[in-house]
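# Observations on the model geometry
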Amino acid sequence: GVLAELLAQFGGAFLYCGKPHLGRAGELGAAQHKVAQGVAMSLTLLGADWYWDQDASFRFTAIRGNLADSIGMAIDEHPGRTAWELPQVDPPKGGWEAHCRILNAHESFRDLILRRPRQDGGVSYVSMSGEPYFDARGAFLGYRGIGRDITKQKLNEAKTSRLARFDPLTNLYN
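These lines cover the structure that appears in this document, whether it is placed above or below. (Residues numbered from 1 in each chain as written. Predicted model: local features only at pLDDT ≥ 70, side-chain atom pairs only at ≥ 80, totals over all residues. Heavy atoms only, no water.)

Checked against the element boundaries, Ser129 lands in strand E6 (residues 123–134). Of note is the side chain of Ser129, whose polar atom sits 3.0 Å from the backbone nitrogen of Asp111. Once residues within four sequence positions are removed from consideration, Ser129 is found in contact with Trp52, Phe109, Arg110, Asp111, Arg144, Gly145 and Ile146. (Helix = DSSP H or I, 4+ residues; strand = E, 2+ residues; numbered from the N terminus. Polar contact = N/O pair within 3.5 Å; in protein donor to acceptor, adjacent residues only side chain to side chain. Contact = heavy atoms within 4.5 Å.)

Quick look at the packing of aromatic side chains now. Summed over the entire model, instances satisfying the criterion amount to eight aromatic pairs. For the pair Trp52 and Phe109, a centre-to-centre distance of 6.2 Å together with 20° between the ring planes defines the contact as stacked. Of the two residues, Trp52 sits in strand E3 (residues 50–54) while Phe109 sits in strand E5 (residues 109–117), which places them 57 residues apart along the sequence. Each member of the pair Trp52 and Phe109 is classed as buried. Seen from their ring centres, Phe140 and Tyr143 are 5.7 Å apart, and the 70° between their planes marks the pair as edge-to-face. Considered together, Phe140 and Tyr143 belong to a single accessibility category, that of buried residues. Chaining the aromatic ring pairs together yields one cluster made of Trp52, Phe58, Phe60, Phe109, Phe134, Phe140 and Tyr143. Above the ring of Tyr133, the side-chain terminus of Arg144 is found at 3.7 Å from the ring centroid. (Phe/Tyr/Trp six-rings, centres within 6.5 Å; stacked < 30°, edge-to-face > 60°. Buried < 20%, exposed > 50% of the residue type's maximum accessible area, 1.4 Å probe, protein only. Lys NZ or Arg CZ within 6 Å of the ring centre and 35° of its normal.)

Just geometry here; none of it tells us what the structure is for.
Right, dumping it as structure tokens:
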């Protein structure tokens, strides 16, 4: 695909689900691998505010990007915790049990919406998507994924919904 073609320009190597793949040259050197990782990280952040890794117990092991700006929670509060252990994070639609079933089945998930109150009295919304990753023998190692701050989007949706039900000119509900 396009990503593979672009990354092939950087030494003939690219990453797919965290696994090195060989380009035209047929060999993946350490320098090429590092360049490919950097390019993959840059491209990932183009579509996300941060990206994250979890271990096989679904505990965050790494988070990179602008998470603190998005949700008002320091990145160092996440490692060693699962999403449901994070302070003040509301359960997603369907509850944590439904999300855990997906994780335990090692299935990908898209747009898991999480809500968290902010210290300033507001609220933050994030959308997380993740894919499981495995070692060369197929053993489950954890999840990798991206996160996006969707607070503005969710607040605009709430405002639109409210305006659809309330007439500010008459101060009456429709």
